[in-house]
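Okay, here's what each chain looks like letter by letter:
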Amino acid sequence: PLTLEVQATQLAGIPPAGVVLVLHDISELKRLEGLRQQFVANVSHELKTPLSSIKAYTETLLNGALNDHEHVRHFLTRIDDQSTRLHELILDLLSIARIESGQTTLEFSNLPIHKVVHACIHDYEERARAGGVTLINQVTDTSLHVRAEEEGLLQILNNLVDNAIKYTPEGGTVTIGCHTEGDKAVIEVSDTGSGIDPEHHDRLFERFYRVDKARSRELGGTGLGLAIVKHLCNAMQGSISVESSPGQGSTFAVRLRLADSHIPQTSS
Ligand code: ADP
């Protein structure tokens, strides 16, 4: 629905009956203000939850549980977990703020895809092994290059692989592959995990949107990973898409511009 702001001005020199009506469409402004308020509410809630736990555990310890070694270890572990959660949330919020401010300019270069994929596999092979998930690298073409920022592309892949491992049960696989499509490279992260109902696909990339809030929190997500991925893809003039359905696993595809020398020349 359209929200209109009406300004009525009586112009000097025009008879009293003459009134100029200026109509401003402020629907977009209202929508943005709503999103901003919702974001602040979400951030506050996400910060409050781990802080409340930390406070509760600390108080219990101070109120006497200090002498019981078993309890001390248990509570300190929980405090440590919640602190890690707060730390990750703050890092993700800083990432979002940095990209959204548009103040940082990304340093583009001709980047070998296999090198970034290799770095991502290196970051996650231990986590995959611990979760009983097999991580497969199908990016064998060492000549493919994209125009992108190395840090940014690594952050995109790390977020996608992190999710893929998180939402894939023991015994499953996560595969990173790559192919070209015209002047684009398509880097795909596929998993054999829980899958996502198509009704959620449009909203997955919104900040704090989760299909199953309780489950994602339990698995340690901040709810910001895919929003960051989308921002980074846009900032690198690329795009992100998802194909998934429940029980069928998920494939997230990142499309980035190939480095000039890799774009197929069309004969004129
Ligand atoms: P989170 O930190 O909660 O994982 P993200 O922004 O990374 O937040 O992802 C948003 C939501 O998308 C997740 O909460 C989860 O419901 C869903 N999701 C993301 N990746 C996958 C995946 N590979 N398999 C199943 N669900 C996923």
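Everything below is about the structure shown above.
Residues numbered from 1 in each chain as written. Predicted model: local features only at pLDDT ≥ 70, side-chain atom pairs only at ≥ 80, totals over all residues. Heavy atoms only, no water.

## Looking at the packing of helix 4 (residues 150–166) against helix 6 (residues 225–235)
- At a minimum axis separation of 9 Å, helix 4 and helix 6 run at an interaxial angle of 150 degrees. Judged on the interaxial angle alone, helix 6 and helix 4 are roughly antiparallel. Between helix 4 and helix 6 lies a crossing of left-handed hand. Between helix 4 and helix 6, the contacting residues are Gly152, Gln155, Ile156, Asn159, Leu160 and Asn163 on the first element and Gly225, Leu226, Ile228, Val229, Leu232 and Cys233 on the second.
- Residue classes in the contact of helix 4 with helix 6 are distributed as seven nonpolar, five polar and no charged. (Axes fitted to C-alpha atoms, helices over the stretch in contact; angles between N-to-C directions. Helix = DSSP H or I, 4+ residues; strand = E, 2+ residues; numbered from the N terminus. Parallel < 35°, antiparallel > 145°, perpendicular 65-115°, else oblique. Left-handed = near helix turned anticlockwise from the far one by under 90°. Contact = heavy atoms within 4.5 Å. Nonpolar A, V, L, I, M, F, W, Y, C, P; charged D, E, K, R; others polar.)

## Concerning the pattern of salt bridges
- Applying the stated criterion across every chain yields a total of 14 salt bridges.
- A salt bridge links Arg85 to Glu46; its shortest N-O distance comes to 3.5 Å. Here Arg85 is found in helix 2 (residues 69–101), whereas its partner Glu46 is found in helix 1 (residues 27–62), with 39 residues between them in sequence.
- Its relative accessible area of 3% is what places Glu46 among the buried residues.
- Residues joined in a network through salt bridges with shared partners are Glu46, Arg85 and Arg210. (Salt bridge = Lys/Arg side-chain N within 4 Å of Asp/Glu carboxyl O. Buried < 20%, exposed > 50% of the residue type's maximum accessible area, 1.4 Å probe, protein only.)

## What to know about the site of the ligand
- By nearness alone, 20 residues border the ligand, and Asn163, Asp191, Ser216, Gly223 and Leu226 come closest of all.
- Asp191 places a side-chain nitrogen or oxygen 2.9 Å from a nitrogen atom of the ligand.
- Between the ligand and the protein, one listed contact pairs an oxygen atom with a backbone N or O atom of Thr222 at 2.9 Å.
- If the ligand stood free it would expose 530 Å²; the protein chains cover 97% of that surface.
- Counting only elements with at least two residues in the shell around the ligand, the list comes to helix 4, helix 6 and strand 9 (250–257).
- The leading source of residues in the shell around the ligand is helix 4, at three residues.
- When the residues that make up the shell around the ligand are grouped by side-chain class, the tally is nine nonpolar, eight polar and three charged. (Near = heavy atom within 4 Å. Polar contact = N/O pair within 3.5 Å; in protein donor to acceptor, adjacent residues only side chain to side chain. Areas by Shrake-Rupley, 256 points an atom, 1.4 Å probe, with all protein chains shown as cover.)

## A short note on the nonpolar core
- By size, the foremost hydrophobic cluster in this structure holds 53 residues, and its most contacted members are Leu153, Leu160 and Phe252.
- Among the elements that line this core, the one with the most residues is helix 4, at eight residues.
- Discounting chain neighbours no more than four positions away, the residues touching Phe252 are Leu160, Ile187, Glu188, Val189, Ile196, Leu204, Phe205, Leu226, Ile240, Ser241 and Val242. (Core = buried A, V, L, I, M, F, W, Y, C linked by side-chain atoms within 4.5 Å.)

## A few points about the pairing of strand 6 (residues 173–181)
- Examined bridge by bridge, strand 4 (residues 134–137) and strand 6 share four bridges and lie parallel to one another. Opposite Thr134, over in strand 6, you have Thr173 as the bridge partner.
- Both strand 6 and strand 7 (residues 184–191) contribute to a ladder of eight bridges, which runs antiparallel. Bridged to Cys178 within strand 7 is Ile187. (Pairing = 2+ DSSP bridges.)

Spatial relationships are all this shows, so hold off on functional conclusions.
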